[in-house]
Amino acid sequence: GPVTPVRPKPASSVLLVRPGSQSPAEVYMIRRQKSMRFLGGFYAFPGGKVDPEDGLPAILARCRGITEAQAERLVPSEDGLPALAFWVAAARELLEETGLLPACDSAGRSVASADTTATARIEALRAAHMAKLAPLGALLAAEGWYLDLEPFRYLSHFITPPSSPIRFTARFFLAPVPVGQSPRLFHEEASESFWVDPAEGFRRHRSGEWAMAEPADCGLGYIAQFDTLAEVWRAHEDGRHKFHGILDRVQAAGVEIRRGADGRTPDAP
């Protein structure tokens, strides 16, 4: 008989973008460790599930650039989590997976541009966070820092198809690299990390070279449409998302599809 779909868990991912050397823009990608249960070995953007701690008052009080009310107008609350928790999770996942900390001081200055010791302090904060020595909000407070969420732009919403045993309702964000910082590879979840021309990444997936889920495929294809990075930011000045995933909605409507969540047909190489 029919199987009841697994309830999707809230998640956040980030498309880091920068001016490209051979293209208008480049996007930062990772390759998930092959040992991971969900999309192991797939190429993706940094991200992960929203934790309950991402919605606690202590961390929400350390946010700058978007208010709880503004976030609620853009994203509905899910599983009792405030909408702003999606932004917090996006910033936290960047710290965990790339070492980047989008943060500012009380005056609104980027931490790396305001303090020559910021790199070492960010590394120490990440190490303490990964070791679970204290909640992220407490670690930020000890440094006098705040999550700087103003540069984040809500891009898209995808829900893992109902047939998947592991499901997420994921919000995707665009973000620049924080001033004075550079992303790094950490092997807890990723085996590779790199910057890529979005059109080239899109081509490699469609040719079967790189395995990707629908969000990565669509995200790269979307960014590849723009002639300049400035146009990307102008298109997102309204703060609203630009597209939804479609496979889950098509499948939920009872339409049989030949593409999987990775965008490939069963007989694809």
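Scroll up a little and you will see the structure.
Note that this is a predicted model, so its numbers are computed, not measured. (Residues numbered from 1 in each chain as written. Predicted model: local features only at pLDDT ≥ 70, side-chain atom pairs only at ≥ 80, totals over all residues. Heavy atoms only, no water.)

A word on the pattern of salt bridges
This structure, assessed with the given rule, holds 19 salt bridges. A salt bridge links glutamate 78 to arginine 171, with the shortest nitrogen-to-oxygen separation between them at 3.1 Å. Residue glutamate 78 is found in the loop between helix 2 (68–74) and helix 3 (84–98), and its partner arginine 171 is found in strand 9 (residues 168–176); the two are separated by 93 residues along the sequence. Judged by its relative accessible area of 17%, glutamate 78 is buried. In this structure, glutamate 150 engages arginine 153 in a salt bridge whose closest nitrogen and oxygen atoms are separated by 3.3 Å. Overall, glutamate 150 belongs to the partly exposed group, its relative accessible area being 40%. By sharing partners, the salt bridges in this structure join Lys49, Asp51, Asp54, Arg92, Glu93 and Glu96 into a single network. (Salt bridge = Lys/Arg side-chain N within 4 Å of Asp/Glu carboxyl O. Helix = DSSP H or I, 4+ residues; strand = E, 2+ residues; numbered from the N terminus. Buried < 20%, exposed > 50% of the residue type's maximum accessible area, 1.4 Å probe, protein only.)

Thoughts on the nonpolar core
Ranked by internal contacts, the top residues of the largest apolar core, which has 42 residues, are Trp87, Leu101, Leu147, Leu149 and Phe152. Counting only elements with at least two residues in this core, the list comes to strand 1 (9–19), strand 2 (25–32), helix 1 (57–60), helix 3, helix 5 (118–130), helix 6 (136–143), strand 9 and strand 10 (190–196). With near-sequence residues (within four places) excluded, leucine 147 lies in contact with Ile59, Arg62, Cys63, Arg64, Val88, Ala91, Leu101, Pro102, Ala103 and Leu140. Met29, Leu155, Ile166 and Tyr222 belong to the second largest nonpolar core, which has 28 residues in total. (Core = buried A, V, L, I, M, F, W, Y, C linked by side-chain atoms within 4.5 Å. Contact = heavy atoms within 4.5 Å.)

Focus on the sheet that holds strand 6 (residues 103–104)
Two modes of strand pairing occur in sheets, parallel and antiparallel, and in both the strands are linked by backbone hydrogen bonds. If you walk across this open sheet you meet the three strands as 5-7-6, and the pairing is mixed. Here the strands that pair on one side only, and so sit at the sheet edges, are strand 5 (63–64) and strand 6. Relative to strand 7 (residues 146–148), strand 6 runs antiparallel, the two being bridged by two bridges. Paired with cysteine 104 across the two strands is tyrosine 146, which belongs to strand 7. (Pairing = 2+ DSSP bridges.)

A few points about the layout of surface pockets
The space that makes up the second largest pocket amounts to roughly 250 Å³. Along the wall of the second largest pocket there are 16 residues; nearest its centre are Ile66, Leu74, Arg153, Asp238 and Gly239. Counting residues per element, the ones that place at least two in the lining of the second largest pocket are helix 2 and strand 8 (153–159). Broken down by element, the residue count for the lining of the second largest pocket peaks at three residues, all from helix 2. In terms of residue class, the lining of the second largest pocket is built from six nonpolar, four polar and six charged. (1 Å grid on protein atoms, 1.4 Å probe; cavity = no way out; pocket = protein on both sides within 12 Å on 5 of 7 lines; lining within 4 Å. Points joined across faces, edges and corners; volume = space filled by probe spheres on them. Nonpolar A, V, L, I, M, F, W, Y, C, P; charged D, E, K, R; others polar.)

As for the packing of helix 3 against helix 5
Interhelical geometry of helix 3 versus helix 5 gives an angle of 100° and a closest axis separation of 10 Å. When the axis of helix 3 is compared with that of helix 5, the two are roughly perpendicular. Of the residues in helix 5, those in contact with Arg92, Leu95 and Glu96 of helix 3 are Ile122, Leu125, Arg126, His129 and Met130. When grouped by side-chain class, the residues that make up the contact of helix 3 with helix 5 number four nonpolar, one polar and three charged. (Axes fitted to C-alpha atoms, helices over the stretch in contact; angles between N-to-C directions. Parallel < 35°, antiparallel > 145°, perpendicular 65-115°, else oblique.)

Topic: the packing of helix 7 (residues 198–206) against helix 8 (residues 214–223)
Packing of helix 7 against helix 8 brings their axes to within 8 Å, and their N-to-C directions diverge by 140°. Considering the angle they form, helix 7 stands oblique to helix 8. Relative to helix 8, helix 7 is oriented so that their crossing is left-handed. Contact with helix 7, carried on its side by Pro198, Gly201, Phe202, His205 and Arg206, involves Asp217, Leu220, Gly221 and Ile223 of helix 8 and no other residues of that element. For the contact of helix 7 with helix 8, the residue count by class is four nonpolar, three polar and two charged. (Left-handed = near helix turned anticlockwise from the far one by under 90°.)

Overview of the pairing of strand 2
Extensive coverage of strand 2 is indicated by the burial of seven of its eight residues. Relative to strand 2, strand 1 runs antiparallel, the two sharing three bridges. Across the sheet, residue proline 19 finds its bridge partner in strand 2, namely alanine 25. Sheet topology places strand 2 next to strand 10; six bridges connect them, and they run antiparallel. In the sheet register, arginine 32 faces strand 10, and the bridge partner there is alanine 190. Sheet analysis places strand 2 next to strand 3 (residues 43–44), joined by two bridges and oriented antiparallel. Following the sheet pairing, isoleucine 30 is matched in strand 3 by alanine 44.

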